[in-house]
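Listed below are the residues making up each chain.
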Amino acid sequence: MTEIERRRTFAIISHPDAGKTTLTEKFLLFGGQIQVAGAVKNNKIKKTATSDWMDIEKQRGISVSTSVMEFDYVPPTGKTEEAYKVNILDTPGHQDFAEDTYRTLTAVDSAIIVVDSAKGVETQTRKLMNVCRMRNTPVIIFINKMDREGRDPFDLLDELEQELEIKVRPLSWPINQGAKFKGVYNIYEKKLDLFTPDKQRVTEKVEIDIDNTDMLADVVGEQDAARLHDDLELVDGVYPDFDVETYRSAEVAPVFFGSALNNFGVQELLNCFVEIAPSPKETMAEERMVKPEEKKFSGFIFKITANIDPNHRSCIAFCKVCSGKFVRNQPYLHVRQGKTVRFSSPTQFMAQRKSTIDEAWPGDIVGLPDNGIFKIGDTLTEGELLHFRGLPSFSPEMFKYIENDDPMKSKQLAKGIDQLMDEGVAQLFVNQFNGRKIIGTVGQLQFEVIQYRLENEYNAKCRWEPVHLYKACWIESDDAAELDNFKKRKYQYMALDKEGRDVFLADSGYMLQMAQEDFKNIKFHFTSEF
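Residues numbered from 1 in each chain as written. Predicted model: local features only at pLDDT ≥ 70, side-chain atom pairs only at ≥ 80, totals over all residues. Heavy atoms only, no water.

Per an unreviewed UniProt entry, the chain carries the name Peptide chain release factor 3 and comes from Prevotella koreensis. Comment text from UniProt for the chain, heading Sequence similarities (unreviewed entry), reads "Belongs to the TRAFAC class translation factor GTPase superfamily. Classic translation factor GTPase family. PrfC subfamily." The record in UniProt for the chain states the following under Function (unreviewed entry): "Increases the formation of ribosomal termination complexes and stimulates activities of RF-1 and RF-2. It binds guanine nucleotides and has strong preference for UGA stop codons. It may interact directly with the ribosome. The stimulation of RF-1 and RF-2 is significantly reduced by GTP and GDP, but not by GMP." (UniProt positions renumbered as here; feature names shortened; annotations may be inferred.)

Draft legend 1. How the structure looks around the overall build of the chain. The number of helices and strands found in the chain is 14 helices and 31 strands. Per-residue burial over the chain gives 56% buried out of 530 residues. Counting only contacts in the chain whose residues sit at least 6 apart along the sequence, the fraction spanning at least 24 positions is 72%. As presented, the chain carries roughly 23400 Å² of accessible surface, and 47% of it is formed by carbon and sulfur atoms. (Helix = DSSP H or I, 4+ residues; strand = E, 2+ residues; numbered from the N terminus. Buried < 20%, exposed > 50% of the residue type's maximum accessible area, 1.4 Å probe, protein only. Contact = heavy atoms within 4.5 Å. Areas by Shrake-Rupley, 256 points an atom, 1.4 Å probe, with all protein chains shown as cover.)

Draft legend 2. Main features of the sheet that holds strand β27 (residues 462-466). Reading across from one edge, β27-β24-β26-β25-β29-β30-β28-β31 is the order of the eight strands in this open sheet, with antiparallel pairing throughout. Edge positions in the sheet fall to β27 and β31 (522-525), since each of these pairs with one other strand and no more. Strand-to-strand, the axes of this sheet are offset by a mean angle of 40 degrees, without reference to chain direction. Summarising the sheet, strand β29 (residues 494-496) and strand β30 (residues 502-506) pair through three bridges and their orientation is antiparallel. Counted as the bridge partner of A495 is V503 from β30. (Pairing = 2+ DSSP bridges. Axes fitted to C-alpha atoms, helices over the stretch in contact; angles between N-to-C directions.)

Draft legend 3. Fine view of the packing of aromatic side chains. For the structure shown, the criterion picks out 16 aromatic pairs. The interplanar angle of 45 degrees and the centroid separation of 4.7 Å between the aromatic rings of F154 and W173 together place this pair among those described as tilted. Residue F154 is found in helix α6 (residues 153-164), and its partner W173 is found in strand β7 (residues 172-175); the two are separated by 19 residues along the sequence. Under the relative-accessibility criterion, W173 is labelled buried at 0%. Here the aromatic rings of F486 and F519 are separated by 4.9 Å at their centres, their planes lie at 90 degrees, and the arrangement is edge-to-face. Of the two residues, F486 is situated in helix α13 (residues 480-489) and F519 in the loop between α14 (509-518) and β31; the sequence distance between them amounts to 33 residues. With respect to burial, F486 and F519 carry one shared label: buried. (Phe/Tyr/Trp six-rings, centres within 6.5 Å; stacked < 30°, edge-to-face > 60°.)

Draft legend 4. Main features of the pattern of salt bridges. Inspection of the entire model under this criterion finds 20 salt bridges. The partner of R288 in a salt bridge is E384, with the nearest N and O atoms 2.8 Å apart. Of the two residues, R288 is situated in the loop between β12 (283-284) and β13 (289-290) and E384 in the loop between β23 (379-381) and β24 (398-404); the sequence distance between them amounts to 96 residues. You can call E384 partly exposed: its relative accessible area is 37%. Measuring nitrogen to oxygen at the nearest pair gives 2.9 Å for the salt bridge that ties K487 to D502. (Salt bridge = Lys/Arg side-chain N within 4 Å of Asp/Glu carboxyl O.)

Draft legend 5. Seen up close, helix α10 (residues 266-276). Burial analysis of α10 places ten of its eleven residues in the buried class, which makes it a mostly covered element. Listing the buried residues of α10 in full gives V266, Q267, E268, L269, L270, N271, C272, F273, V274 and I276.

Draft legend 6. Representation of helix α5 (residues 123-135). Given a rise of 1.5 Å per residue, 13 residues ought to cover 18 Å, and the 19 Å separating the end C-alpha atoms of α5 matches this to within 8%. Remark: N136 follows α5 within two positions and exhibits a positive phi of approximately 55 degrees. (Expected span 1.5 Å × (residues − 1).)

Draft legend 7. The arrangement of the pairing of strand β26 (residues 437-441) in detail. The buried fraction of β26 amounts to four of the five residues, a majority that puts the element mostly inside the structure. Pairing of β24 with β26 involves four bridges; the strand directions are antiparallel. Among the inter-strand pairings, M398 is bridged to a residue of β26, identified as T441. With four bridges joining them, strand β25 (residues 427-431) and β26 adopt antiparallel strand pairing.

Draft legend 8. Spatial organisation of the nonpolar core. With 54 residues, the main nonpolar core has I13, V139, I141, I143, L160, W173 and V255 as its most contacted residues. Counting only domains with at least three residues in this core, you end up with domain 1 (4-189 + 241-276) and domain 2 (283-381). In this view, W173 contacts P153, F154, L157, G183, V184, Y185, I187, L228, D231, L232, V235 and F257; residues no more than four positions away in its chain are not counted. With 29 residues, the next largest nonpolar core counts I12, A18, L23 and V274 among its residues. (Core = buried A, V, L, I, M, F, W, Y, C linked by side-chain atoms within 4.5 Å. Domains from an automatic or database assignment.)

Draft legend 9. Seen up close, the side chain of D378. As for its placement among the helices and strands, D378 is situated in the loop between β22 (365-370) and β23. Owing to a relative accessible area of 5%, D378 belongs among the buried residues under this scheme. Reaching out from D378, the side chain makes a polar contact with the side chain of H334 at a distance of 3.4 Å. Here the side chain of D378 touches R336 through a polar contact of 2.8 Å, side chain to side chain. Dropping the residues within four chain positions of it, D378 is found in contact with G299, F300, I301, H334, R336 and I373. (Polar contact = N/O pair within 3.5 Å; in protein donor to acceptor, adjacent residues only side chain to side chain.)

Right under this line is the structure:
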């Protein structure tokens with residue numbers, strides 16, 4: 001139980017460019033995992049963010065794949081034996097990689113949403129919040145970039161409540177913003193934090209009695225002191241007192257203000273987070289509820305990454321431990337294949353650097369070497385037949401034919417496509433009519449990433465050819481005759497996915513609507529999980 005209680009597993013999510021990766025870096029700085037935080041966009045310093053390790057991420061300054069990092073953290077007030085074990089999953093914000101992010105959210109117990117103080121809530125933030133809501137994942141909101149001119153804090157809070165459909169409660173309050181930004185009053189710890197812009201150093205704290213206006217005026221000036229006093233009275237009047245239980249049941253989202261780039265307000269967020277965030281929770285399997293404190297080990301694969309180390313063509317499967325204790329070299333049952341497997345070198349991560357471990361507890365994320373035996377959603381147990389659900393593939397929105405550009409390299413191309421599709425980067429459909437391979441993605445950028453990775457990691461060249469499609473839907477029916485009739489009539493629009501399931505490729509919304517009207521007994525699904 002001690003091991004379970006000290007675990008905190010969470011994802012950092014947001015719209016692109018709100019500052020997720022910078023925030024992750026600062027957390028690692030406090031955890032003592034890195035000595036200097038790398039400026040992501042600075043080309044003069046040849047440093048890049050720790051969590052963006054793929055070549056393509058360094059070239060574009062964006063994250064394209066979720067990375068996992070873990071560290072021990074002792075709050076300034078705590079004792080060393082009370083260290084928390086923090087597992088961070090830094091996710092891609094770019095909508096083209098949203099599916100990777102949706103899957104990651106199945107493996108965490110809570111989330112931190114980063115919002116840009118000037119832009120407020122953006123489209124991607126809304127979508128991600130919907131996924132958290134579906135799963136009742138508690139969220140904390142961090143309003144970033146307070147050192148730049150932005151919007152009024154009260155307006156931002158109203159927008160958060162309306163757009164994200166969740167009640168909020170500020171746990172810190174900014175004193176001015178932009179060029180006049182002076183700091184943050186920490187409502188949770190009742191302390192004043194003064195702001196000095198410095199990317200490497202941590203700012204000073206001042207203990208101040210908030211009701212003593214003269215003392216406050218000495219530190220921040222009369223005008224700001226009076227305004228802070230009024231603002232805090234308003235906050236206490238408008239928002240109910242903070243209650244940890246409402247946060248854990250995902251009804252209220254605590255809000256913090258700060259600047260991740262200047263290392264400000266980040267430690268306050270981390271201290272409060274490790275204190276109030278939930279430790280690993282029970283997971284719903286198809287058969288029953290799995291509790292973390294059970295004796296026997298169980299876990300599921302939520303992500304597969306090929307080529308973490310370019311020198312070895314190896315895949316790593318990320319396994320989230322749900323119950324019991326994972327032990328190195330123990331035999332475990334691979335439920336889908338019905339085989340027993342052992343792992344001699346399970347690893348834990350610090351983005352690309354990895355170290356071998358002997359045991360892992362619920363909430364931890366273990367990297368298992370994968371030689372092609374895993375698929376996303378696979379379950380490992382000590383013999384019980386369990387199936388964890390909730391890792392959907394969404395219906396893609398963009399389609400292209402993939403063709404071999406170098407006839408000498410067809411084996412490498414086939415292997416590359418196979419591994420990248422197992423990773424869940426995109427989806428592969430084989431057209432039944434002409435046998436051509438069609439790749440379906442959520443966004444344009446994924447085609448570039450696939451082409452780049454095939455060439456650089458598998459030494460295989462591909463080219464894209466246009467195909468005009470509107471939507472791919474998985475079909476099923478209890479009426480075998482009607483299903484057969486449908487397949488015959490729509491022969492040139494039928495394809496199989498990687499699992500060999502029937503997929504109908506509609507080339508327009510009208511055609512899809514007509515098909516649904518003509519064939520009443522056929523169900524059309526837009527996610528692969530049914």
